[in-house]
Amino acid sequence: MTTLPTGVIPPMTTPFRKDGEVYFKLVAPQVDWLIAAGSHGMAAGGSTGEGHTLDYEEYRDLVAATVEAGKGRAPVIAGIIVDSTRDAIRRGKLVRDMDVAALQVTPVHYLFKPDEQAMVDHFRRMADETGMPIIIYNVVPWSYLSPALLTRIMNEVPLVVGVKQSAGDLKLFADLMMMVPDKLIYSAVDALMYLSYALGAHGSIAAILSAAPHASVELWNAVKAGDHARALELHKKLLTLWNAIVSDNLPACTRYAQSLQGLPTTFSRAPMPEASAAQQAAIRKALEGLGALGGSREAAE
């Protein structure tokens, strides 16, 4: 896959069974559902997919199952969430011979923060040793990369092709858009997708897209068509859903939203708690407002 994806790229939830094992059989139904909703691609093994909990073999097999289920219909991005350059490179090498469009890579997320040169070197080594396009997932609060540092990395490491910008501060987003007009900037500002698109985001990779892919695609299309009245209406409804799912158990709330729309019921990997009764009620109400409820499902026992 040589074409880098733009548009709505939902980060998939990983289908875990009750015992915490990955139920690979349920990757394909989610892929089919996202593509049927009009998604322009998908990401596997990211934070919504609890990628930080996957061992090497699970990670490799999850990405492989996603690529196989996609059958070339939509680009696949492979998420990498680890704490060392060595491990990031190893994961990249596990999937580089698959039909993967790019790697989505977080800065290290443990207590210690590399200095700027170490961060540049981290992404340079990843690019040199994997040979794959890299999208920086700028999400780690204590290792958050400034627009200036992101620009430096992208200028010095050509295979770093873009950034998934995750923060509520649209000023940082707007600055980044202006500083690197030739790179791909994806929004992960779930509460403000409409405004991100209006600022010129090349696409989005964010949990809200996986919780409500149909409405998320419609929002993208509305902005592209200049229908801002419809876009604002969708923004308000999607914000209601976001307020219902945003929590420390966001992946669990996202998969609950998916189960209400017909995907098989799956589970979070311990110790993440499942969606509470209050969360479930709020999610159901928000999806009802979007007209997104319905569909049969089975449990991943």
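Definitions and cut-offs
- Residues numbered from 1 in each chain as written.
- Predicted model: local features only at pLDDT ≥ 70, side-chain atom pairs only at ≥ 80, totals over all residues.
- Heavy atoms only, no water.
- Salt bridge = Lys/Arg side-chain N within 4 Å of Asp/Glu carboxyl O.
- Helix = DSSP H or I, 4+ residues; strand = E, 2+ residues; numbered from the N terminus.
- Buried < 20%, exposed > 50% of the residue type's maximum accessible area, 1.4 Å probe, protein only.
- Axes fitted to C-alpha atoms, helices over the stretch in contact; angles between N-to-C directions.
- Parallel < 35°, antiparallel > 145°, perpendicular 65-115°, else oblique.
- Left-handed = near helix turned anticlockwise from the far one by under 90°.
- Contact = heavy atoms within 4.5 Å.
- Nonpolar A, V, L, I, M, F, W, Y, C, P; charged D, E, K, R; others polar.
- Pairing = 2+ DSSP bridges.
- UniProt positions renumbered as here; feature names shortened; annotations may be inferred.
- Phe/Tyr/Trp six-rings, centres within 6.5 Å; stacked < 30°, edge-to-face > 60°.
- Lys NZ or Arg CZ within 6 Å of the ring centre and 35° of its normal.
- Patch = residues over 30% accessible without salt bridge, like charges linked within 9 Å, V, L, I, M, F, W, Y side chains within 5 Å.
- Areas by Shrake-Rupley, 256 points an atom, 1.4 Å probe, with all protein chains shown as cover.

### A closer look at the pattern of salt bridges
And then number 1: Following the criterion strictly, the structure yields 15 salt bridges and no others.
And then number 2: Among the salt bridges present, the one from E58 reaches R269, with a minimum N-O distance of 2.8 Å. One end of the pair, E58, is in helix α2 (residues 56-70); the other, R269, is in the loop between α11 (250-259) and α12 (277-290), and 211 residues separate them in sequence. Considered together, E58 and R269 belong to a single accessibility category, that of buried residues.
And then number 3: Bridged by salt links that share partners, the residues D121, R124, R152 and E156 form one connected network.

### A short note on the packing of helix α1 (residues 27-36) against α2
And then number 1: Packing of α1 against α2 leaves a shortest axis separation of 9 Å and a crossing angle of 50°. One way to sum up the angle between α1 and α2 is to call them oblique. Considering the relative orientation of α1 and α2, their crossing is right-handed. Facing α1, whose interface residues are V27, A28, V31, D32 and I35, α2 presents L62, A65, T66, A69 and G70.
And then number 2: For the contact of α1 with α2, a count of residues per class yields 7 nonpolar, 2 polar and 1 charged.

### Side note on the sheet that holds strand β4 (residues 102-105)
And then number 1: If you walk across this open sheet you meet the 8 strands as β1-β8-β7-β6-β5-β4-β3-β2, and the pairing is parallel. Every other strand in the sheet has two partners, leaving β1 (7-8) and β2 (42-44) as the edge strands with one partner each.
And then number 2: Summarising the sheet, strand β7 (residues 184-187) and strand β8 (residues 203-204) pair through 2 bridges and their orientation is parallel. From the neighbouring strand, Y186 faces β8, where its bridge partner is G203.
And then number 3: Relative to the sheet, helix α4 (residues 116-130) contacts β3 (76-80), β4, β5 (134-138) and β6 (160-165), its axis offset from that of β4 by approximately 155°.

### Considering the UniProt feature "binding site: pyruvate" (unreviewed entry) in the protein
And then number 1: Residues annotated in UniProt with the feature "binding site: pyruvate" (unreviewed entry) correspond here to T48 and I205. A stretch of 158 residues holds the annotated residues, and the largest C-alpha distance among them is 10.1 Å, short enough that they meet in one place.
And then number 2: Examined against the element boundaries, T48 turns out to sit in the loop between β2 and α2.
And then number 3: With residues up to four places along the chain from it excluded, the contact list for T48 reads P11, M12, T13, A207, P251 and T254.
And then number 4: Relative to the helices and strands, I205 is located in the loop between β8 and α8 (207-211).
And then number 5: On the basis of relative accessibility, which here comes to 0%, the residue I205 falls in the buried class.

### Section: unusual backbone geometry
And then number 1: Along the chain, A270 connects to P271 via a cis peptide bond; the corresponding omega equals 15°.
And then number 2: Locating P271 in the fold gives a position in the loop between α11 and α12.
And then number 3: The phi dihedral of E50 falls on the positive side, at around 55°, and the residue is not glycine.
And then number 4: Looking at the element boundaries, E50 is found in the loop between β2 and α2.
And then number 5: Its identity as a non-glycine residue notwithstanding, K71 has a phi of 50°, on the positive side.
And then number 6: Judged by its relative accessible area of 66%, K71 falls in the exposed class.

### Regarding α11
And then number 1: Of all 10 residues making up α11, 10 are buried, and the element is well covered by its neighbours.
And then number 2: Residues of α11 that are buried: L250, P251, A252, C253, T254, R255, Y256, A257, Q258 and S259.
And then number 3: In this structure, the buried residues of α11 make contact with α1, α8, α10 (228-245) and α12.

### Observations concerning the packing of aromatic side chains
And then number 1: In this structure the tally under the stated criterion is 2 aromatic pairs.
And then number 2: Where Y110 meets F112, the ring centres are 5.7 Å apart and the plane angle is 65°; that geometry is what we call edge-to-face.
And then number 3: Of note, R91 hangs over the ring of Y56, and the distance from its end group to the ring centre comes to 5.0 Å.
And then number 4: The ring of Y59 has R91 sitting right over it, with the charged end atom 5.2 Å from the ring centre.

### Comments concerning a nonpolar patch on the surface
And then number 1: A cluster of nonpolar side chains, Y110, L111 and F112, forms an exposed patch at the surface whose accessible area comes to about 400 Å².
And then number 2: We classify L111 as exposed; its relative accessible area is 63%.

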